[in-house]
Amino acid sequence: MSACEFESLEKSLESHLPEAELSEVKRILFGKETKKLDLPACAVDAASERDFELKGYRFEAVQEQLRPPRRIRVGLIQHRIVLPTDAPILDQITAMHSRVGEMVEVAAMCGVNIVCFQETWTMPFAFCTREKEPWTEFAESAEEGNTTRFCQELAKKYNMVVVSPILEREELHSTLWNTAVVISNSGNVLGKTRKNHIPRIGDFNESTYYMEGDTGHTVFQTQFGKIAVNICYGRHHPLNWFMYSMNGAEIIFNPSATVGALSEPMWPIEARNAAIANHCYTCAINRVGTEHFKSEFTSGDGKKAHHDFGHFYGSSYVAAPDGSRTPGLSRTHDGLLVVEMDLNLNRQICDKWSFKMTGRYAEYADELTAAVRHDFKPNIVKE
Ligand SMILES: NC(=O)NCCC(=O)O
């Protein structure tokens, strides 16, 4: 079986392990069991008609005496590109809008309050080619672009916060960015946050196209909680998650585009570890499928030129501050993951484990300030 046919780790465990062993394996692998969420039959039917996977889970928190529960629902959408990469640009974008639009409609049936799409969701992940044309034509204004207008309609229609990661064209400074636009459930653009770490690995030649983000670690106060977006490669940087959390993020989304050969063993660990370390929820989203490009490109590794990047393995999931996580969506199919979470769990776990309270931040800050200076002397004792 090839890597792009293997459906999921969870399915494999379920079909091969005896019941009693399975629950122990799941406890050790995934933490405290996340209960399945009952989803309306109309949503289940619509997802099956529209040919995407629909899964729902819920994280619970203890009922407190002084605070009511703060239960909200997030929706994570993963999908493959709809048209071939050499179709006219506008057709590709329109097809992607219509695919994601029909998935968001199902998210609305499931009572989702905040939906997040995958990284640069309106386009193929064409940065591997290093060709500027036609890929830069996918870039749009974060405030005025067609995709933002489309998302504003969705947000208003479904009373849903929409996190829309796009390739941004900023006319003012003639600059491209990799940006997540955050649209409030009122339909207004609440703001935007830009990818602040750019990969320089394998075929991820993204620095050819756009700049390192300049929006800091912005957190967005929405009606359904404080959210932040740590785009793709930023998940390898623990301090990046940490800074969003220091600014008060209760949920950090990680819209991504990453391939099996490169990052799959790291995928289940990084966002989950960030949820544990920062007492918050994290949501990791990856695209699916293999995208073919007309012109061959090389990976600068001495191997032969090729037409595709490899398999984007989906596997989107949500992790909670207590270290538990949902099973992942499929590695091969479009999918919507609906997760109910009680945001009170963040403070409950913070009070239990106290990582925020016990962290020696002032000390780290002093040492880090020294460490980044050119005259830094590492603190090593030698005989
Ligand atoms: N899109 C992106 O930043 N990918 C880099 C590879 C990875 O982080 O797995």
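This structure is a prediction, so every number in the text was calculated from the model and none was measured.

## Considering the UniProt feature "domain: CN hydrolase" (unreviewed entry) in the chain
Part 1 of the reasoning: Using the residue numbers shown here, the UniProt feature "domain: CN hydrolase" (unreviewed entry) corresponds to residues 72–343.
Part 2 of the reasoning: Between the end C-alpha atoms of residues 72–343 the distance is 8 Å, and the span holds 22% helix and 29% strand.

## Brief notes about the site of the ligand
Part 1 of the reasoning: Around the ligand sit 14 residues, and of these Glu 119, Lys 195, Cys 232, His 236 and Thr 258 come closest.
Part 2 of the reasoning: Considered on its own, the ligand offers 280 Å² of accessible surface; in the complex 99% of this is hidden by protein.
Part 3 of the reasoning: Looking at the shell around the ligand residue by residue, the classes come out as 7 nonpolar, 3 polar and 4 charged.

## Some remarks on the sheet that holds strand S2 (residues 53–59)
Part 1 of the reasoning: Strands sit in the order S1-S2-S17-S3-S4-S5-S6-S7 across an open sheet of 8 strands; the sheet is mixed. Edge positions in the sheet fall to strand S1 (35–36) and strand S7 (189–194), since each has one partner strand and no second.
Part 2 of the reasoning: Direction of pairing for strand S4 (residues 114–116) relative to strand S5 (residues 161–170): parallel, over a ladder of 3 bridges. Note on S5: the bridge partner recorded for Cys 116 is Val 163.

## Some remarks on a nonpolar patch on the surface
Part 1 of the reasoning: Taken together, the side chains of Leu 239, Leu 368 and Val 372 define a hydrophobic patch exposed on the protein surface, amounting to about 310 Å² of accessible area.
Part 2 of the reasoning: You can see Leu 368 is positioned in helix H11 (residues 361–371).
Part 3 of the reasoning: On the basis of relative accessible area, Leu 368 is assigned to the partly exposed category, the value being 44%.

## What to know about the packing of aromatic side chains
Part 1 of the reasoning: One pass over the structure, following the stated rule, counts 19 aromatic pairs.
Part 2 of the reasoning: When the ring of Phe 242 is compared with that of Tyr 361, the centres are 5.0 Å apart and the planes differ by 40°; the resulting orientation is tilted. With Phe 242 in helix H6 (residues 238–246) and Tyr 361 in helix H11, the pair connects residues that are 119 residues apart, well separated along the chain.
Part 3 of the reasoning: When its relative accessible area of 16% is taken as the criterion, Phe 242 is described as buried.
Part 4 of the reasoning: We classify Tyr 361 as partly exposed; its relative accessible area is 26%.
Part 5 of the reasoning: Chaining the aromatic ring pairs together yields one cluster made of Phe 125, Phe 127, Phe 204, Tyr 209, Tyr 210, Phe 309 and Phe 312.
Part 6 of the reasoning: The ring of Tyr 317 is capped by Arg 325, whose NZ or CZ atom sits 4.0 Å from the centre of that ring.

## A word on the sheet that holds strand S11 (residues 281–286)
Part 1 of the reasoning: The 5 strands lie next to each other as S8-S9-S10-S11-S16, forming an open sheet whose pairing is mixed. If you trace the sheet from one side to the other, it starts and ends with strand S8 (220–222) and strand S16 (317–319), each paired once. For this sheet, the mean inter-axis angle between neighbouring strands, taken without regard to orientation, is 25°.
Part 2 of the reasoning: Bridge count between S11 and S16: 3 bridges; the pairing is antiparallel. Bridge assignment links Ala 284 to a residue of S16, and that residue is Tyr 317.
Part 3 of the reasoning: Its contacts with the sheet put H6 on strand S9 (225–229), strand S10 (251–256) and S11, and the angle it makes with S10 is roughly 140°.
Part 4 of the reasoning: Of the strands in this sheet, S10, S11 and S16 are in contact with helix H8 (residues 267–278), which crosses S16 at around 35°.

## A word on the side chain of Gln 348
Part 1 of the reasoning: Assignment of secondary structure puts Gln 348 in helix H9 (residues 344–353).
Part 2 of the reasoning: Gln 348 has contacts with Ala 61, Val 62 and Glu 64, leaving out every residue within four places of it along the chain.

## Some thoughts on helix H5 (residues 146–158)
Part 1 of the reasoning: For H5, spanning 13 residues, the distance from its first C-alpha to its last is 18 Å, which sits close to the expected 18 Å at 1.5 Å a residue.
Part 2 of the reasoning: Taken together, the buried positions of H5 are occupied by Thr 147, Thr 148, Cys 151, Gln 152, Leu 154, Ala 155 and Tyr 158. Around the axis of H5, the buried residues are gathered within 165° of arc, so they sit on the same side. Projecting away from the buried face of H5 at angles above 90 degrees are the exposed residues Asn 146 and Lys 157.
Part 3 of the reasoning: Next to the buried residues of H5 lie helix H4 (89–109), S5, strand S6 (175–183) and S7.
Part 4 of the reasoning: Positive phi shows up at Asn 159, right after H5, with a value of about 55°.

## As for the side chain of Asn 185
Part 1 of the reasoning: Inspection of the secondary structure assignment puts Asn 185 in the loop between S6 and S7.
Part 2 of the reasoning: Given a relative accessible area of 10%, Asn 185 falls into the buried group.
Part 3 of the reasoning: In this structure the side chain of Asn 185 is engaged in a polar contact, spanning 2.9 Å, whose partner is the side chain of Asn 159.
Part 4 of the reasoning: Ignoring any residue separated from it by four or fewer positions in sequence, one finds Asn 185 in contact with Ala 155, Lys 156, Asn 159, Met 160, Val 161, Gln 223 and Phe 224.

## Points about the environment of Asp 38
Part 1 of the reasoning: Mapped onto the secondary structure, Asp 38 falls in the loop between S1 and helix H3 (41–49).
Part 2 of the reasoning: Spatially, the C-alpha atoms of Asp 38 and Lys 55 are 9.4 Å apart, while their sequence positions differ by 17 residues.

Conventions and cut-offs
- Residues numbered from 1 in each chain as written.
- Predicted model: local features only at pLDDT ≥ 70, side-chain atom pairs only at ≥ 80, totals over all residues.
- Heavy atoms only, no water.
- UniProt positions renumbered as here; feature names shortened; annotations may be inferred.
- Helix = DSSP H or I, 4+ residues; strand = E, 2+ residues; numbered from the N terminus.
- Near = heavy atom within 4 Å.
- Areas by Shrake-Rupley, 256 points an atom, 1.4 Å probe, with all protein chains shown as cover.
- Nonpolar A, V, L, I, M, F, W, Y, C, P; charged D, E, K, R; others polar.
- Pairing = 2+ DSSP bridges.
- Patch = residues over 30% accessible without salt bridge, like charges linked within 9 Å, V, L, I, M, F, W, Y side chains within 5 Å.
- Salt bridge = Lys/Arg side-chain N within 4 Å of Asp/Glu carboxyl O.
- Buried < 20%, exposed > 50% of the residue type's maximum accessible area, 1.4 Å probe, protein only.
- Phe/Tyr/Trp six-rings, centres within 6.5 Å; stacked < 30°, edge-to-face > 60°.
- Lys NZ or Arg CZ within 6 Å of the ring centre and 35° of its normal.
- Axes fitted to C-alpha atoms, helices over the stretch in contact; angles between N-to-C directions.
- Contact = heavy atoms within 4.5 Å.
- Expected span 1.5 Å × (residues − 1).
- Arc of directions from axis to C-beta.
- Polar contact = N/O pair within 3.5 Å; in protein donor to acceptor, adjacent residues only side chain to side chain.

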